[in-house]
Amino acid sequence: MLTQAQIEDRYFQIEHRIQTAAQQAGRSSGEITLIGASKKQTAALLGQFLALGLHDLGENYLQEAIEKQDTLNASDVCWHFIGGIQSRKSKQIAEHFEWVHGIDRNTVAEKLSRHRLESIQDKPINGLIQINVDAQESKSGVSLSEISLLVEKILSLPGIHLRGLMLLPAPRDTVEEQRQVFARARNLLDQLNSEFDLVLDTLSMGMSGDLEAAILEGSTMVRIGTDLFGPRPV
Ligand SMILES: *Cc1c(COP(=O)(O)O)cnc(C)c1O
């Protein structure tokens, strides 16, 4: 178990890394939201981080997330669903989260929108399209050739407010290689904004091992698990 001093140390170290990278990029750290990627971590531990000022939590597993939401004071937290979306869980995801990061196909988008409208009528869920930047290695995320069709689809759905892109690249060996992938996402966002005349403002990219590279390339949301909360309990 982490002591209070260790918790403070971890939280302020991550804040410091974000500030340093933002400064290096000539950006304001206020443009970057820290999301605690909190899968497998206990509600009690998360509560201690919330007390220090952490405000956003990203969960991968629906049941685990709902249990934590019941325990923690809802008004303290902005909840993000950052895991893969199973179609049959889209109803509860639409009801329990403010942001959903992994939209990657039409059927899921349609269901999220419909269920959101049924439950929370006046507040569309913030949606990000997960893009597949490692076509050989991973099956999740939409391929770059299909993204325009998915954007068009989501724009037609009143229950989702499309905000930008999310990516989960395979680990790279060097910062230079990390930056190349993140730069591709940034260019794609610019391209979509001009193609569809949009103001998409969100890039969810960067984790413990590559948050600096992501911020240098324009990330607005970093999802940090291990380096914030410590190793995940097994
Ligand atoms: C677990 C997870 C993270 C955080 O990963 P760390 O390497 O522990 O920082 C970020 N994004 C997603 C989608 C995750 O599942």
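Each value, and the rule that gives it
- Numbering of residues starts from 1 in every chain and runs along the sequence as written.
- Only residues with pLDDT of 70 or above have their local features reported here, since the model is predicted, and side-chain atom pairs are shown and tallied only from 80 upward, although totals for entire chains, interfaces and linings are computed over all residues.
- Side-chain measures were taken over the full set of non-hydrogen atoms in the model, leaving aside hydrogen atoms and water.
- Counting from the N terminus, the helices are the DSSP runs of H or I reaching at least four residues and the strands are the DSSP runs of E reaching at least two.
- Accessible area is worked out with a 1.4 Å probe on protein chains only. A residue is then buried under 20% of its type maximum, exposed over 50%, and partly exposed in between.
- Accessible areas in this description were obtained via Shrake-Rupley with a 1.4 Å probe; residue shielding takes into account the shown protein chains only.
- Counted as positive: Lys and Arg. Counted as negative: Asp and Glu. His and the chain ends are not counted at all.
- A charged residue contributes its charge at one atom only: NZ of Lys, CZ of Arg, CG of Asp or CD of Glu.
- Two N or O atoms form a polar contact when they lie within 3.5 Å of each other; inside protein one atom must be a possible hydrogen donor and the other a possible acceptor, and for residues adjacent in sequence the pair counts only when both atoms belong to side chains.
- Between two residues, a contact is recorded if the distance between any of their heavy atoms is within 4.5 Å.
- Put simply, a salt bridge is a Lys or Arg side-chain nitrogen that is within 4 Å of an Asp or Glu carboxyl oxygen.
- Strand pairing is defined by DSSP finding a minimum of two bridges between the two strands.
- Convention used here: a crossover is right-handed provided that the path from the first strand, over the helix, to the second strand proceeds clockwise when the strands point away from the viewer.
- To get an axis, a line is fitted to the C-alpha atoms, and for a helix only the part in contact is used. The angle between two axes follows their N-to-C directions and goes from 0 to 180 degrees.
- What sets the label is the angle itself: under 35 degrees gives roughly parallel, over 145 gives roughly antiparallel, 65 to 115 gives roughly perpendicular, and the rest give oblique.
- By definition, turning the near helix anticlockwise from the far helix through less than a right angle yields a left-handed crossing, and turning it clockwise yields a right-handed one.
- When residue character is reported, Ala, Val, Leu, Ile, Met, Phe, Trp, Tyr, Cys and Pro are called nonpolar, Asp, Glu, Lys and Arg charged, and the others, Gly included, polar.

This next bit is on the overall build of the protein chain. Scanning the protein chain from terminus to terminus reveals nine helices and eight strands. With the C-alpha coordinates of the protein chain rotated into their principal frame, the extents come out at 50 × 40 × 30 Å. For the protein chain, the residues scored as buried account for 50% of the 234 residues in total. Split by element, the accessible area of the protein chain, about 11200 Å² in all, is 49% carbon and sulfur. Averaging the locations of the 23 positively and 31 negatively charged side chains of the protein chain gives two centres separated by 5 Å.

It is worth spelling out unusual backbone geometry at this point. Phi is positive for Lys-40, close to 70°, though the residue is something other than glycine. As for its position among the elements, Lys-40 is in the loop between β1 (33–37) and α2 (43–52). Residue Asp-197 is not a glycine yet carries a positive backbone phi of 55°. Residue position: Asp-197 is located in the loop between α7 (175–196) and β7 (202–204).

Take Gln-41: it is sitting in the loop between β1 and α2. Classification of Gln-41 by relative accessible area gives buried; the value is 5%. A polar atom in the side chain of Gln-41 sits 3.3 Å from the backbone oxygen of Gly-230. When neighbours within four sequence positions are excluded, Gln-41 is seen to be in contact with Leu-46, Glu-64, Lys-68, Phe-229, Gly-230, Pro-231, Arg-232 and Pro-233.

What follows deals with the pattern of salt bridges. Note that side chains of opposite charge can pair when their charged atoms are close. A full pass over the atoms with the stated rule returns twelve salt bridges. The residue Glu-212 makes a salt bridge to Arg-17 at a minimum N-O spacing of 2.8 Å. Placement of Glu-212 in helix α8 (residues 211–216) and of Arg-17 in helix α1 (residues 4–25) is noted, with a sequence separation of 195 residues between them. Given the relative accessible area of 28%, Glu-212 is considered partly exposed.

Turning our eyes to something else, we now look at the pairing of strand β5 (residues 125–130). In terms of burial, β5 is largely enclosed, as six of its six residues are buried. Residues Ile-125, Gly-127 and Ile-129 of β5 are buried on one face, and the alternating residues Asn-126, Leu-128 and Gln-130, pointing to the opposite face, are buried as well. Taken together, the three bridges between strand β4 (residues 99–103) and β5 define a ladder with parallel strand orientation. Residue Trp-99 lies in a different strand from β5, and its bridge partner there is Asn-126. Of the crossover connections in this fold, the one passing from β4 over helix α5 (residues 106–119) to the parallel β5 is right-handed. As judged from the six bridges shared by β5 and strand β6 (residues 160–166), these two strands associate in the parallel manner. Its bridge partner being in β6, Leu-128 is matched across the sheet by Gly-164.

So, on to the packing of helix α6 (residues 147–155) against α7. Relative to each other, α6 and α7 sit at 55°, their axes nearing to 12 Å. Accordingly, the angle class assigned to the pair α6 and α7 is oblique. Considering how the two elements wind past one another, α6 and α7 form a crossing that is right-handed. Packed against α6, whose contacting residues are Ile-147, Ser-148, Val-151, Glu-152 and Leu-155, the element α7 presents Leu-188, Leu-192, Glu-195 and Phe-196 at the interface. Across the contact of α6 with α7, the residue classes tally to six nonpolar, one polar and two charged.

In this section: the environment of Lys-40. Of the residues examined, Lys-40 reaches a relative accessible area of 43% and is grouped as partly exposed. Once the C-alpha coordinates of Lys-40 and Leu-162 are considered, the two residues, 122 residues apart in sequence, prove to be 28 Å apart. Once residues within four sequence positions are removed from consideration, Lys-40 is found in contact with Tyr-61, Glu-64, Lys-68, Arg-232 and Pro-233.

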